[in-house]
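Reading the structure
For reference, the chains in residue letters:
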Amino acid sequence: MAGLRREEVAQAAAISVDYYTRMEQGRVSAVSAEILDSLARALRLDDEETRHLHRIAGTTPRSGHRQSADHHPKQTVRPNCRTCWTPSSDIPPW
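What you see is a predicted model, and the numbers here were worked out from it, not measured in a lab. (Residues numbered from 1 in each chain as written. Predicted model: local features only at pLDDT ≥ 70, side-chain atom pairs only at ≥ 80, totals over all residues. Heavy atoms only, no water.)

What to know about unusual backbone geometry
Of note in the backbone geometry, A14 takes a positive phi value of approximately 60° without being a glycine. Here A14 lies in the loop between α1 (6-13) and α2 (17-24). On the basis of relative accessibility, which here comes to 70%, the residue A14 falls in the exposed class. Positive phi is not limited to glycine here, since R44 has a value of about 55°. (Helix = DSSP H or I, 4+ residues; strand = E, 2+ residues; numbered from the N terminus. Buried < 20%, exposed > 50% of the residue type's maximum accessible area, 1.4 Å probe, protein only.)

If you want it as structure tokens, here you go:
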């Protein structure tokens, strides 16, 4: 997720900040599938992204353990807000 600090990612994945930092730096020789699944959930990775994470780590995702990306509600823009963002001229809104 964009904008999360290491501490926030580690807490969401239920791992220590030190361990997460060592993983980021490549100083962990092997990471379990459970840790990667927890990290994938914390980062809200979809199934394809989770498989890629496991593939580069050399592990296999645990079947049925992950929540699907559809579990998270889709965010939509309300119609009245969309009207504000609809270009009415060539001038940028900012």
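Some remarks on the nonpolar core
Residues I15, Y19, Y20, M23, V31 and L39 are the most contacted members of the largest nonpolar core, which totals 15 residues. With four residues, helix α3 (residues 33-42) is the largest single contributor of residues to this core. Look past the residues within four positions of L39 in its chain and what remains in contact with it is V9, A13, Y20 and M23. (Core = buried A, V, L, I, M, F, W, Y, C linked by side-chain atoms within 4.5 Å. Contact = heavy atoms within 4.5 Å.)

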